[in-house]
Amino acid sequence: MLRLGALELASNLFLSPLAGYTNLPFRLTIRELGGLGLCTTELVNARSLIEKRDKALKLIESNARDRPLAVQLFGAVPEEMRDAAQCLESLGADAIDINMGCPVRKVCRVGGGSAMMSELSKTAALAQGIVRVVRVPVTAKMRLGWDDANLTAPDLARALEDVGVSAVFIHGRTREQGFGGCVNLAGIRAVVDAVRRIPVIGNGEVTTPQAAKRMLDETGCAGVSIGRGAFYNPWIFRQTEAFLASGELPSEPPFEERVRVMCRHLDLMIEVFGETHGCRMFRKVAPWHAKRLGPAVEFKRRVASLSSRAQFDDVLAEYRAWRAQFLDDRGELLPRFAPTPSNPSFMTGEPAAPSAIPTPRGPVETW
Ligand SMILES: Cc1cc2nc3c(=O)[nH]c(=O)nc-3n(C[C@H](O)[C@H](O)[C@H](O)COP(=O)(O)O)c2cc1C
């Protein structure tokens, strides 16, 4: 059991915010699979929220099945961040997360995102301004620092704890690193050691239950937050929870279960975004689901122009027929088409190479 302030969570596993990906349909899809303690929305601009812009309101769209939910705010103007947090509390957010890790130039230029890591007292004052006006827990998500010469996360985490922040999420890389290089577990450990009471949640490159356990063991962090690994394997939270409890790896979901979850995700996309837009958005999501289906080149090609649910049914039916050539008499993938180290399987116990989890293309490709 892990607590963020007064908020009790059923698990110490978290979904990391991924702009453009961890929207309501995805959150509902993975919540249904179990194992998750808390989801966080992607970053939302504080000023847009106060001005009630449609785009900001769509980003915080949620429902009763999407609980508990933290909303992540970004901005550098203390009054705006404070007012936006109050607004979110009145709308029912269970926690407010402050983005201090975004390396995107547009966000840093105005003093938000990872620029906040360079100005400790200013950042602590901003967080305090929020803590004072809301009852829900306030958390912060940061990187280790701006670069190797400026690993400010331990000092910043301590300063944030002192002003009443309830937890810190730490991506074990610097801003300069972007997504390159290894996640620095010792760097996360230094943050754990720097705070006195609040939980520190480790993040970065966790794509298997074993990697989650390693992060917990080597850093002493209280929980683990998973971003891209949840797209690669939506069952990762449930599998990790089971692995941490018993040391046993649960069996892989069979093909039909993978297809069911993919269809559920699409249906939720359509429910939330409408058929045309939902299908268009699903074009970039379906290939992630397809990564573990075995040969799927034909499916990926066809789904790239998806525009309706009926079309998806046709694509799926044709894919099933095409995929049959790779199956044995029992309907299992022939061994030579089963997952390999370059397409690692959860069952092999091998951590996926970072290249196996590409940073999705888009305006935030340098997160
Ligand atoms: C496409 C993309 C979008 C992201 N959007 C956000 C965001 O909105 N807020 C944030 O704090 N971090 C964001 N991140 C960073 C992730 O939350 C996470 O820290 C990072 O991906 C490392 O974790 P992972 O290896 O489990 O994905 C984003 C990362 C990616 C790849």
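Keep in mind it's a predicted model, so treat the numbers as computed, not measured.

Remarks on the pairing of strand S5 (residues 69-74)
No. 1: For S5, a buried count of 6 out of 6 residues is recorded, marking the element as mostly surrounded by other parts of the structure.
No. 2: Bridge analysis of strand S4 (residues 38-45) against S5 gives 5 bridges, and the strand direction is parallel. Following the sheet pairing, Leu43 is matched in S5 by Gln72.
No. 3: Pairing analysis gives 4 bridges linking S5 to strand S6 (residues 95-100), with the strands arranged parallel. Each bridged residue has a counterpart across the sheet, and for Gln72 the counterpart in S6 is Asp97.

Some remarks on the domain arrangement of the chain
No. 1: When cut into domains, the chain gives domain 1 (2-246) and domain 2 (255-344).
No. 2: A C-alpha centroid distance of 30 Å is found between domain 1 and domain 2.
No. 3: Counting residues at the interface gives 10 residues for domain 1 and 8 residues for domain 2.
No. 4: Counting residues per element, the ones that place at least two in the side of domain 1 that touches domain 2 are helix H1 (24-33) and helix H10 (228-232).
No. 5: Partitioning the side of domain 1 that touches domain 2 into residue classes produces 8 nonpolar, 1 polar and 1 charged.

Examining helix H12 (residues 255-273)
No. 1: With 19 residues, H12 extends 27 Å between its outermost C-alpha atoms, agreeing within 8% with the 27 Å of an ideal straight helix rising 1.5 Å per residue.
No. 2: Looking at H12, one finds that the buried residues are Arg258, Met262, His265, Leu266, Leu268, Met269 and Ile270.
No. 3: The elements touched by buried residues of H12 are H1, helix H13 (275-290) and helix H15 (309-323).
No. 4: Where H12 ends, the next residue or the one after it, Gly274, has phi of about 85°, a positive value.

Here we look at the environment of Met81
No. 1: Mapped onto the elements of the fold, Met81 is located in helix H4 (residues 78-91).
No. 2: For Met81 and Leu49, which are 32 residues apart along the polypeptide, the C-alpha to C-alpha distance reads 9.6 Å.
No. 3: Apart from the residues within four sequence positions on either side, Met81 is in contact with Ala46, Leu73, Gly75, Leu126, Gly129 and Ile130.

Notes on the confidence of the model for the chain
No. 1: Model confidence for the chain is summarised by a mean pLDDT of 91, while 92% of its residues fall at 70 or above.
No. 2: Confidence drops under a pLDDT of 50 for residues 341-354, and excluding neighbours within four residues, the segment shows 22 contacts in the predicted structure.

Side note on the sheet that holds S4
No. 1: With parallel pairing, 8 strands are arranged side by side around a closed barrel as S3-S4-S5-S6-S7-S8-S9-S10. Strand-to-strand twist in this sheet, taken as the mean axis angle between neighbours without regard to direction, amounts to 30°.
No. 2: With 6 bridges connecting them, strand S7 (residues 138-145) and strand S8 (residues 167-174) associate as parallel partners. Across the sheet, the residue bridging to Lys141 is Phe169, located in S8.
No. 3: Set on the sheet, helix H6 (residues 120-131) makes contact with S6 and S7; between it and S7 the angle comes to about 165°.
No. 4: Its contacts with the sheet put helix H7 (residues 153-162) on S7, S8 and strand S9 (200-203), and the angle it makes with S7 is roughly 165°.

Each value, and the rule that gives it
Residues numbered from 1 in each chain as written. Predicted model: local features only at pLDDT ≥ 70, side-chain atom pairs only at ≥ 80, totals over all residues. Buried ≥ 20, exposed ≤ 12 C-beta atoms within 10 Å, placed from the backbone. Helix = DSSP H or I, 4+ residues; strand = E, 2+ residues; numbered from the N terminus. Pairing = 2+ DSSP bridges. Domains from an automatic or database assignment. Contact = placed C-beta atoms within 7 Å. Nonpolar A, V, L, I, M, F, W, Y, C, P; charged D, E, K, R; others polar. Expected span 1.5 Å × (residues − 1). pLDDT = per-residue confidence, 0-100. Axes fitted to C-alpha atoms, helices over the stretch in contact; angles between N-to-C directions.

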